[in-house]
Amino acid sequence: AQSVAQPEDQVNVAEGNPLTVKCTYSVSGNPYLFWYVQYPNRGLQFLLKYITGDNLVKGSYGFEAEFNKSQTSFHLKKPSALVSDSALYFCAVRDGTNAGNMLTFGGGTRLMVKP
Amino acid sequence: DTAVSQTPKYLVTQMGNDKSIKCEQNLGHDTMYWYKQDSKKFLKIMFSYNNKELIINETVPNRFSPKSPDKAHLNLHINSLELGDSAVYFCASSQVFSYGTSGLHEQYFGPGTRLTVT
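What counts, and at which threshold
- Residues numbered from 1 in each chain as written.
- Chains lettered and ligands numbered in written order.
- Predicted model: local features only at pLDDT ≥ 70, side-chain atom pairs only at ≥ 80, totals over all residues.
- Heavy atoms only, no water.
- Disulfide = S-S within 2.5 Å.
- Helix = DSSP H or I, 4+ residues; strand = E, 2+ residues; numbered from the N terminus.
- Buried < 20%, exposed > 50% of the residue type's maximum accessible area, 1.4 Å probe, protein only.
- Contact = heavy atoms within 4.5 Å.
- Buried area = accessible area lost by both parts, 1.4 Å probe.
- Salt bridge = Lys/Arg side-chain N within 4 Å of Asp/Glu carboxyl O.
- Polar contact = N/O pair within 3.5 Å; in protein donor to acceptor, adjacent residues only side chain to side chain.
- Nonpolar A, V, L, I, M, F, W, Y, C, P; charged D, E, K, R; others polar.

With that settled, the discussion passes to the state of the cysteines. Inspection of every chain in the model, using the stated rule, returns 2 disulfides over all chains. Two residues share a disulfide in this structure: Cys23 of chain A and Cys91 of chain A, whose sulfurs sit 2.0 Å from each other. Measuring the twist about the S-S bond at about -65°, one finds the Cys23 of chain A-Cys91 of chain A disulfide to be left-handed. Placement of Cys23 of chain A in the loop between strand S3 (19–21) and strand S4 (24–26) and of Cys91 of chain A in strand S10 (residues 87–95) is noted, with a sequence separation of 68 residues between them. The disulfide bridge from Cys23 of chain B ends at Cys91 of chain B, spanning 1.8 Å between sulfur atoms. Handedness here is read from the sign of the S-S torsion; for Cys23 of chain B and Cys91 of chain B, about -75°, the answer is left-handed. Residue Cys23 of chain B is found in strand S3 (residues 19–25), and its partner Cys91 of chain B is found in strand S9 (residues 87–94); the two are separated by 68 residues along the sequence. Owing to a relative accessible area of 1%, Cys23 of chain B belongs among the buried residues under this scheme. The class for Cys91 of chain B is buried, based on a relative accessible area of 0%.

Take the interface of chain B and chain A next. When the parts come together, some accessible area is lost, and that loss is often what is quoted as the size of the interface. The interface of chain B with chain A comprises 24 residues on the first partner and 22 residues on the second. Buried area between chain B and chain A, summed over both chains or domains, comes out near 1,900 Å², and the portion from carbon and sulfur atoms is 59%. Linking chain B with chain A are 1 salt bridge, by the criterion used here. Taken together, the links from chain B to chain A amount to 3 residue pairs in polar contact (both at pLDDT 80 or more). Sorting the residues of the side of chain B that touches chain A by element identifies strand S4 (31–37), strand S5 (43–49) and S9 of chain B as the ones contributing at least two each. Ranked by residues supplied to the side of chain B that touches chain A, first place goes to S4 of chain B with 4 residues. For the side of chain B that touches chain A, the per-class residue count stands at 11 nonpolar, 10 polar and 3 charged.

Listed below in structure tokens is the structure:
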């Protein structure tokens, strides 16, 4: 079975400061990892993914994530936060043997960026 | 153009009723999904479906059933609605069955349908 943990319910950061949203995962095969963002009353939007290759993945809106196999982590980062980045962020995983491409999501982390 | 659309956006109904939520995608994807997001924002996969197979999350009650009239549509039917069914339901789609792995697997989500059962 696959699982995802986002240990922080909320992350607070000042505008202009770097941000990190943490994610750890557990899968039985090779992991496919994703980050999605949800703005209020909206559906989820894809940010970035790790399938294979470079451990540092760059995505939309200046976000990036680092895949660390030994620590089974896939933390989301941004060098300089914007107030408009405030939203709910979800990490998700799918293992390589998963039938139906079904994703397992973490519980979400609310990012609050203050001016 | 809206990539994944759902109707209705809001649905308020009484316990015991049967209701449907419609989903359409214009991305040409071969797989569609339904997710449930509860009041604590926890997101859970309910179904994965393409024209070959339906994968059901084993925790989903059989009162819930997906129905696909064609590749671009996956509707969600719910029978005998219960209070605990109140949630936001998201439809999604992705391209899965292709050669290689690049450019695959991310899912595109609809705007959600907020279901309230009273």
